[in-house]
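Architecture at a glance
Below, each chain spelled out in residue letters.
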Amino acid sequence: AKRGAWAAGFFAVWFRARCGTHDQGVLWATLFAAWSAATDGAYAFDGAIFARYKMAHGAAVAMLARDAATIRRLAKVPGRFDGGAFAETRTIHWPLELPRVLLLPSAPVAGLPAIRSDFDEARQTFACHTRWDKVERGGQCRGVDVCARGKCAPFSAADLAPPSG
């Protein structure tokens with residue numbers, strides 16, 4: 001995120017509402033609230049879908065696929081990063097720009113590896129989004145590799161490992 005008042009406010013709201021091991025519902029709710037605010041309330045959404053983790057992700061992706069073009073139009077987001085066929089496929093193969101957010105595809109872009117996951121499970125990713133003791137999708141990322149080769153300095157890998165027992 002770019003440092004600034006908007007980002008500070010966004011993270012303050014998200015972090016304040018986070019609770020437990022699943023914060024994705026709160027993150028989605030915060031994003032949709034920010035997009036609603038960017039349209040001066042012209043875009044409204046049902047926040048109740050984010051209340052239960054098992055429902056939140058699928059519902060959020062479906063709602064975003066349905067509403068992304070409307071959010072972009074109401075917030076006057078110009079440009080070619082419209083998500084491509086995201087409304088039909090619910091998969092981002094082309095960047096999707098929304099107010100203050102750019103969602104990138106799960107594939108390499110301009111010669112860089114995919115950020116978090118890649119449709120081609122044989123390719124390595126740029127970042128890892130898995131637990132310490134897990135391996136992500138077909139070996140693209142191993143949690144123990146996150147801090148390999150000093151990437152987490154000044155913290156040691158042992159400091160970041162979950163407590164044993």
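Overview of the structure. Along each chain, numbering runs from 1 in the same order as the chain's sequence is written. Only residues with pLDDT of 70 or above have their local features reported here, since the model is predicted, and side-chain atom pairs are shown and tallied only from 80 upward, although totals for entire chains, interfaces and linings are computed over all residues. Calculation of side-chain values draws on the structure's entire complement of heavy atoms; hydrogens and water are dropped beforehand.

Now for the overall build of the protein chain. Put simply, DSSP H or I for four residues or longer makes a helix, DSSP E for two residues or longer makes a strand, and each gets a number counted from the N terminus. Counting secondary structure elements, the protein chain contains five helices and four strands. In sequence order, the secondary structure elements of the protein chain are arranged as α-α-α-α-β-β-β-β-α. Categorising residues by exposure relies on relative accessible area from a 1.4 Å probe, with only protein chains included: less than 20% of the type maximum marks a residue as buried, more than 50% marks it as exposed, and the intermediate range marks it as partly exposed. In the protein chain, which comprises 165 residues, the share counted as buried stands at 30%.

Before going further, it helps to examine the packing of helix H1 (residues 5-17) against helix H2 (residues 24-38). Under this scheme, a helix contributes an axis fitted over its contacting stretch, all axes are lines through C-alpha atoms, and angles between N-to-C directions fall in the 0 to 180 degree range. With their axes 9 Å apart at the nearest point, H1 and H2 run at an angle of 145° to one another. Where H1 crosses over H2, the handedness of that crossing is right-handed. On H2, the residues that touch Trp6, Phe10, Val13, Trp14 and Ala17 of H1 are Val26, Leu27, Thr30, Leu31 and Ala34. Any residue that is not Ala, Val, Leu, Ile, Met, Phe, Trp, Tyr, Cys, Pro, Asp, Glu, Lys or Arg is counted as polar, Gly included; the first ten are nonpolar and the last four charged. Its residues placed into classes, the contact of H1 with H2 shows nine nonpolar, one polar and no charged. For any helix crossing, the convention is left-handed if the near helix is rotated counterclockwise from the far helix by under a right angle, and right-handed if that rotation is clockwise. Should any heavy atoms of two residues lie within 4.5 Å, those residues are considered in contact.

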